[in-house]
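Residue strings, one per chain:
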Amino acid sequence: KSFTAADRLVTSSMVEPSFATAADRAAQDPFNPFPAPENCNMAQIIFLTGMYGYVLFQASNLISDGSELLLLVPAAAPVVGSVVLPILGAVPDGMMVLFSGLGPDAQNQVSVGVGALAGSTVMLLTLPWFLAILAGRVSLKDGKPTYQRPAGADPTTWDKLDPPGNLSLIHTGIGYGPEIVQNAWTMLYTMLGYVIIQGSAFAVDKMPKPVDLNAVQEHNVLKHEARYENSFALCGLFVCIGFFMWYLWKMWKESQGSGAVSDAIAESTIQAMREGTLTLRGAMASFRDAQWSSMCKKGDLNEVLLSKESMDEVRRMCKVLAPFFAHYDLNGDNAIDFEEFRMIFKDVGENLSRDAQNAMFKAADTNRSGDISFEEFVACLMSFALDPNTNLQETKKPKYATNPNTYLKNEEGEEEEEEEDVPEDLADLEPEEQQKRIKIRAAYQMALGTLLVLIFSDPMVDLLSELGVRLDVSAFYISFVLAPLASNASELVAAYNYAKKRTCKSITTSLSTLEGAAIMNNTFCLAIFLALVYFQNLAWEFSAETIAIILIQVMIALSCVFRRVHRLLDAFFILSLYPLCLATVYVLENYVGWD
């Protein structure tokens with residue numbers, strides 16, 4: 001059907017104002033590369049949400065990877081593991097919360113930040129927890145996990161999960177160390193900020209919320225609530241900051257001993273050695289420099305070696321070297337021979353000549369038994385690291401690797417392929433250069449990841465808010481589901497990778513990571529939220545969401561405090577808490593009448 005001139009006139013009068021509005025907004029902010037969500041159609045909003053989410057996902061991984069690289073720098077590892085890693089892990093969620101409360105419509109748009117915070121906490125304590133139990137489960141005998149091989153069991157046939165792949169809900173599960181119980185109590189303590197602000201909201205709010213208010217009356221009610229809650233928000237802010245500083249101090253103390261942080265540092269070093277990113281000498285370079293500097297000042301080697309710093313480093317290296325030793329000590333008699341000693345050197349990225357390795361082995365084998373124990377093995381390698389006059393010649397890797405096809409008979413007369421370059425990464429560098437490259441790469445990854453989070457968090461908040469408007473669904477539910485997928489994916493993967501090693505220590509590290517992330521949400525992220533409430537004079541309209549956050553943490557904490565074993569059946573119960581929390585919010589808002 002063709003339009004008449006009158007039709008075109010009516011149509012243009014209807015369309016032009018929206019285009020004019022969009023053009024005016026673009027002219028007011030000519031350097032903003034992000035399109036305004038209100039000017040996008042539904043397909044564009046979904047596409048941009050996926051694209052921004054992917055960028056935030058990659059940014060989160062960059063921050064995580066860069067932080068873990070710094071764990072390979074012994075001098076920085078305690079600070080990174082105890083302070084930097086927890087803070088940077090909470091940055092994506094924190095920025096989502098921050099930008100949701102900075103716009104002109106902060107009171108409404110901050111629901112995106114609430115959704116991100118609640119979704120992050122609930123998701124971290126359910127889905128990754130379930131995956132950790134699923135991946136790390138072992139057989140339960142008399143209610144206890146079988147992490148240790150029973151005496152007399154055949155090491156070639158015995159398996160922690162018997163039969164392999166067993167999915168029994170009752171007879172498979174995990175056990176964990178006392179750190180999980182301690183972190184559970186910490187998680188409960190750090191919820192005090194929620195209790196303070198929610199207590200004030202209960203005192204001033206009228207429940208259920210009246211539904212017959214006009215816009216002016218609703219605005220006045222919000223202003224009254226905001227004035228009442230303002231001082232409580234400031235009090236909660238100081239409480240969150242206090243708990244945040246206390247938790248970082250607690251993590252620092254753990255990094256100096258044998259807690260989960262020091263275990264994570266050792267695990268990162270082991271993984272880097274196995275992947276060829278770090279050599280043994282690279283891992284011990286700073287220790288060698290520090291000890292010789294101390295000895296030059298004190299002049300007494302015994303005093304240096306028996307100092308607290310030296311003993312802590314020896315304990316750290318024992319944790320790093322133990323898995324390599326255990327790999328070849330198949331019968332568990334605490335002894336390896338010379339050929340196994342050589343294989344360990346290959347595994348830790350060292351290329352010493354056979355003569356040099358033989359000299360080291362003989363020096364360690366003090367009783368001339370032909371075997372060395374783990375204690376002799378560690379002493380041998382620590383001596384190797386400490387002695388600057390050690391005349392151990394390193395065998396150089398060839399620049400080119402022989403092409404394996406040269407061993408196959410060339411029957412068709414094809415032209416022989418040229419030898420390929422051997423990939424050279426950090427493992428081929430000198431220890432000092434290794435450490436330098438690690439620091440540069442880590443700084444680059446963390447800086448780029450943080451920059452991407454700062455750039456894309458604000459437009460992501462706008463998109464999620466607009467998506468809620470288009471779907472006629474609260475932006476809280478949208479961000480509750482979508483935001484954690486972008487900001488917390490690295491914690492999910494890390495928890496799974498730790499757990500699948502199926503040791504009590506790895507399970508403890510895995511679950512500690514998840515509890516630590518929840519604690520950071522209770523302190524770092526909630527502190528940002530309460531600062532917005534105080535400085536932006538916002539009303540705390542999130543009673544249902546707060547109850548959901550408290551509910552999930554209380555249930556997980558109690559399950560850790562009163563049970564030291566989680567069965568696979570418990571894992572499915574924990575997974576069910578995710579939709580349960582979402583349903584709790586929905587019921588409290590739509591049927592009970594809470595805000």
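Reading the values: rules and limits
Residues numbered from 1 in each chain as written. Predicted model: local features only at pLDDT ≥ 70, side-chain atom pairs only at ≥ 80, totals over all residues. Heavy atoms only, no water. Helix = DSSP H or I, 4+ residues; strand = E, 2+ residues; numbered from the N terminus. Buried < 20%, exposed > 50% of the residue type's maximum accessible area, 1.4 Å probe, protein only. Areas by Shrake-Rupley, 256 points an atom, 1.4 Å probe, with all protein chains shown as cover. Pairing = 2+ DSSP bridges. Contact = heavy atoms within 4.5 Å. Axes fitted to C-alpha atoms, helices over the stretch in contact; angles between N-to-C directions. Arc of directions from axis to C-beta. Salt bridge = Lys/Arg side-chain N within 4 Å of Asp/Glu carboxyl O. Phe/Tyr/Trp six-rings, centres within 6.5 Å; stacked < 30°, edge-to-face > 60°. pLDDT = per-residue confidence, 0-100. Parallel < 35°, antiparallel > 145°, perpendicular 65-115°, else oblique. Left-handed = near helix turned anticlockwise from the far one by under 90°. Nonpolar A, V, L, I, M, F, W, Y, C, P; charged D, E, K, R; others polar.

**Q** Can you explain the overall build of the protein chain? Please cite residues and give values.
**A** On a plain count of helices and strands, the protein chain comes out with 21 helices and six strands. Scored against the burial criterion, the 595 residues of the protein chain give a buried share of 47%. When the accessible surface of the protein chain is summed, it comes to about 29500 Å², and 60% of that surface belongs to carbon and sulfur atoms.

**Q** So, the sheet that holds strand E6 (residues 565-567): which residues are in play, and what are the values?
**A** Pairing in this open sheet of four strands is antiparallel, and the strands run E2-E1-E3-E6 from one edge to the other. With partners counted over all chains shown, the strands left at the sheet margins are strand E2 (144-145) and E6, one partner each. This element, helix H21 (residues 568-592), spans strand E3 (172-175) and E6 of the sheet and lies at about 80° to E6.

**Q** For helix H14 (residues 354-364), give the residues involved together with the corresponding values.
**A** Buried within H14 are the following residues: Ala-356, Gln-357, Met-360, Phe-361 and Ala-364. For H14, the arc enclosing every buried residue in end-on projection is 135°, short of the 170-degree limit, so these residues lie on one face. Away from its buried face by more than 90 degrees, H14 exposes Asp-355 and Ala-363.

**Q** Explain the pattern of salt bridges residue by residue, including any values.
**A** Oppositely charged side chains can pair when the atoms bearing their charge come close. Tallied over the entire structure, the rule returns five salt bridges. The residue Glu-339 makes a salt bridge to Arg-342 at a minimum N-O spacing of 3.7 Å. Of the two residues, Glu-339 and Arg-342 are both situated in helix H13 (residues 338-347); the distance of three residues between them amounts to about one turn of the helix. Ionic pairing is found between Asp-570 and Arg-567, a salt bridge with its closest N-O pair at 3.4 Å. Within this structure, Glu-339, Arg-342 and Arg-354 form a network of salt bridges that share partners.

**Q** Let's hear about the packing of aromatic side chains: which residues, and what values?
**A** One pass over the structure, following the stated rule, counts 23 aromatic pairs. Arranged with centres 6.2 Å apart and planes meeting at 90°, the rings of Phe-341 and Phe-377 form a pair that is edge-to-face. Within this pair, whereas Phe-341 is found in helix H13, its partner Phe-377 is found in helix H15 (residues 374-386), the two being separated by 36 residues in sequence. Comparing Phe-341 with Phe-377, the two get one shared label, buried. Arranged with centres 5.6 Å apart and planes meeting at 50°, the rings of Phe-529 and Phe-542 form a pair that is tilted. Here the residue Phe-529 occupies a position in helix H19 (residues 504-535), and Phe-542 occupies one in the loop between H19 and helix H20 (543-562), the gap between them amounting to 13 residues. By relative accessible area, Phe-542 is classed as buried at 4%.

**Q** I'd like a rundown of the pairing of strand E1 (residues 138-141), residues and numbers included.
**A** Across two bridges, the pairing between E1 and E3 is antiparallel. The residue of E3 that forms the bridge with Val-138 is Gly-173. Sheet analysis places E1 next to E2, joined by two bridges and oriented antiparallel. Bridged to Leu-140 within E2 is Pro-145. Between E1 and E2, which pair antiparallel and follow one another directly, the connecting turn spans two residues, one of which, Asp-142, has a positive phi of 55°.

**Q** How would you explain the confidence of the model for the protein chain if you had to name every residue and give the values?
**A** Averaged over the protein chain, the pLDDT score is 77; the fraction of residues at 70 or greater is 75%. Contacts from residues 1-20, a stretch scored under 50 in pLDDT, to residues over four places away or in other chains number two contacts. Low pLDDT, under 50, characterises residues 390-404; the stretch is placed with 32 contacts to residues that sit more than four places away or in other chains.

**Q** Tell me about the packing of helix H5 (residues 127-136) against helix H18 (residues 489-499), and please be specific about residues and values.
**A** Where H5 meets H18, the axes come as close as 8 Å, and the angle between the chain directions of the two elements is 20°. By the angle class used here, H5 and H18 are roughly parallel. Crossing handedness for the pair H5 and H18: right-handed. On H18, the residues that touch Leu-127, Pro-128, Leu-131, Ala-132, Ala-135 and Gly-136 of H5 are Leu-492, Ala-495, Tyr-496 and Ala-499. Partitioning the contact of H5 with H18 into residue classes produces nine nonpolar, one polar and no charged.

**Q** Please provide a residue-by-residue account of the pairing of E3, values included.
**A** Going residue by residue along E3, you find Thr-172 and Ile-174 tucked away on one face and Gly-173 and Gly-175 tucked away on the opposite face as well. As paired elements, E3 and E6 share three bridges and run antiparallel to each other. In the sheet register, Gly-175 faces E6, and the bridge partner there is Val-565.

**Q** Tell me about unusual backbone geometry, and please be specific about residues and values.
**A** Trans peptide bonds make up the majority, and among non-glycine residues the majority have a negative phi. In the segment running from Asp-162 into Pro-163, the intervening peptide bond is cis, with an omega of -5°. Residue position: Pro-163 is located in the loop between E2 and E3. The phi torsion at Asp-472 lies on the positive side, around 55°, for a residue other than glycine. Take Asp-472: it is sitting in the loop between helix H16 (431-471) and helix H17 (475-487). Non-glycine residue Arg-502 carries a positive phi angle of around 60°. Owing to a relative accessible area of 22%, Arg-502 belongs among the partly exposed residues under this scheme.

**Q** I'd like to hear about the environment of Ala-571, residue by residue, with values.
**A** Relative to the helices and strands, Ala-571 resides in helix H21. Overall, Ala-571 belongs to the buried group, its relative accessible area being 0%. Considered as a pair, Ala-571 and Thr-126 are 445 residues apart in the sequence and their alpha carbons are 8.4 Å apart. Apart from the residues within four sequence positions on either side, Ala-571 is in contact with Phe-130 and Ile-133.

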